[in-house]
Amino acid sequence: MPSIRTASSTPELFCDGYGRPMIHARKLFGPGPSNPYPEATAALGLPLLGHLDPVFIELMDETCDRLREAWGTSNARTLPLSATGSAGMEAAFVNTVHPGDVVVVAVNGLFGVRMCDVAARCGAEVVPVEHEWGAPIDVERVLSAHPSPAIIAAVHAETSTGARSDIAALGAGKGDALLLVDAVTSIGGIELRADDWGIDIGYAGTQKCLGVAPGLAPFTINERAFDRRVVKPQSWYLDLGLLGGYVGEAGVRGGTNGGGRTYHHTAPTAMIASLHAGLGRILEEGLPAVWQRHEDAGRLLQDGLEARGLELFAEDGSRLPELTTVRVPDGVDSAVIRKTLLERHGIEIGGGAGEYAASVWRIGLMGHNATPDAALLVLAALDDVLQR
Ligand SMILES: Cc1ncc(COP(=O)(O)O)c(C=O)c1O
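Residues numbered from 1 in each chain as written. Predicted model: local features only at pLDDT ≥ 70, side-chain atom pairs only at ≥ 80, totals over all residues.

Draft legend 1. Region of the structure containing the packing of helix α11 (residues 287-307) against helix α13 (residues 372-386). At a minimum axis separation of 8 Å, α11 and α13 run at an interaxial angle of 20°. Taken together, the axes of α11 and α13 lie roughly parallel to each other. Crossing of α11 over α13 shows right-handed handedness. Taken together, the residues of α13 that come into contact with α11 (itself represented by Asp296, Ala297, Leu300, Leu301 and Gly304) are Pro372, Ala374, Ala375, Val378 and Leu379. (Axes fitted to C-alpha atoms, helices over the stretch in contact; angles between N-to-C directions. Helix = DSSP H or I, 4+ residues; strand = E, 2+ residues; numbered from the N terminus. Parallel < 35°, antiparallel > 145°, perpendicular 65-115°, else oblique. Left-handed = near helix turned anticlockwise from the far one by under 90°. Contact = placed C-beta atoms within 7 Å.)

Shown next as structure tokens:
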């Protein structure tokens with residue numbers, strides 16, 4: 001009998017060596033994406049809504065409210081941009097950098113380097129403040145890098161190194177500059193208080209501690225920054241002025257459509273439903289409890305790694321709980337270990353970034369994966385593959 005393959009049969013790509021579906025088997029313990037919260041996954045399967053359906057509009061409004069809570073902001077202009085975290089970075093700079101503006105960028109890893117590139121493409125005079133990778137940013141050095149920058153930019157949680165920086169201190173000393181912050185790996189994982197810390201522009205991603213699939217960039221901008229924006233930025237898609245109507249400008253000063261909805265682009269309605277559900281799960285647990293869960297899981301993992309004689313990479317005192325960086329022991333082939341973890345245990349961890357590609361591993365316990373069980377699982381799997 002010929003075998004019948006229907007459109008819904010599991011593609012061979014997603015089968016293990018025995019032809020069994022293994023799409024759910026991966027434990028995503030790398031730098032992202034993480035395994036989504038079950039609520040976020042379930043929401044992807046709900047009946048699809050049109051992007052101007054009143055039910056969707058309500059869902060979008062509630063998602064923006066939930067994002068305000070996750071950001072710690074009352075900014076009216078808080079929305080999920082329809083693209084990944086890098087688009088959040090582009091949107092932040094393209095809307096706020098005027099040609100020749102001085103932009104001071106704290107560089108302590110790959111994403112600070114990327115910020116310099118993006119800001120320069122927007123016409124900024126970039127002043128990079130270089131740090132050793134693995135260290136947090138030196139706030140005094142960043143604040144004294146230029147007497148009157150238009151923008152000071154920094155990464156809260158450097159995913160390339162596992163270091164956390166003090167954004168509140170930057171905000172306290174920023175003077176007249178706008179503070180632009182990358183919160184891709186911090187939102188939903190560690191304390192983040194955009195308004196209290198003086199963040200004027202912030203962008204994030206869904207696929208890390210928010211526990212949602214990749215595809216959206218939660219974004220926030222306050223009135224101070226919006227007033228100084230580039231009125232007609234080079235990017236049409238990421239023009240925040242145009243996007244105001246897309247999420248509804250009700251209650252936003254200067255709104256042009258009286259709170260109605262205008263078509264800008266087709267909202268990714270399934271992804272927004274998923275983000276809505278993921279945020280619902282987080283807020284129900286409570287942000288402080290979620291931060292503590294990440295802290296506890298990260299501590300358990302980091303203590304366990306050190307107890308096994310492994311050396312952590314990020315500076316002590318500034319280690320992110322949600323993303324642990326560890327040096328690959330001498331004589332161990334990083335790629336072989338990662339491959340074995342994946343094939344034998346279904347566990348994905350990340351290699352290092354940049355020059356640390358082969359000498360550092362990055363292990364993420366983010367969102368739904370921030371649990372003691374996950375920490376113990378990855379430690380046991382490492383014991384197995386390292387034969388310790
Ligand atoms: C700190 C940081 N910023 C920006 C990005 C870019 O986000 P995306 O890959 O979703 O475009 C990432 C992704 O890992 C990140 O970790």
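Draft legend 2. Main features of the sheet that holds strand β2 (residues 77-81). A sheet is described by the order of its strands in space; here seven strands give the open sequence β2-β10-β9-β8-β5-β3-β4, paired in mixed fashion. Each edge of the open sheet is held by one strand with a lone partner, namely β2 and β4 (125-130). On average, adjacent strands in this sheet sit at an angle of 15° to one another, irrespective of strand direction. The pairing of strand β3 (residues 102-107) with strand β5 (residues 151-155) spans three bridges and is parallel. If you follow valine 104 over to β5, its bridge partner there is isoleucine 152. Relative to the sheet, helix α2 (residues 54-71) contacts β2, β9 (201-203) and β10 (217-221), its axis offset from that of β2 by approximately 105°. (Pairing = 2+ DSSP bridges.)

Draft legend 3. Representation of the environment of alanine 357 within the structure. One can find alanine 357 in the loop between β13 (350-351) and β14 (360-364). Sequence separation of alanine 357 and alanine 217 is 140 residues, and the distance between their C-alpha atoms is 26 Å. Setting aside anything within four residues of it in sequence, one finds alanine 357 in contact with Gly351 and Gly352.

Draft legend 4. Looking closely at the packing of helix α3 (residues 85-94) against helix α4 (residues 110-121). Taken N-terminus to C-terminus, the directions of α3 and α4 make an angle of 45°; their axes are 9 Å apart at the nearest point. Classified by the angle their axes make, α3 and α4 are oblique. Taken as a pair, α3 and α4 cross one another with a handedness that is right-handed. Contacts from Met89, Glu90 and Phe93 of α3 reach α4 at Arg114, Met115, Val118 and Ala119. A breakdown of the residues in the contact of α3 with α4 according to their chemical character gives five nonpolar, no polar and two charged. (Nonpolar A, V, L, I, M, F, W, Y, C, P; charged D, E, K, R; others polar.)

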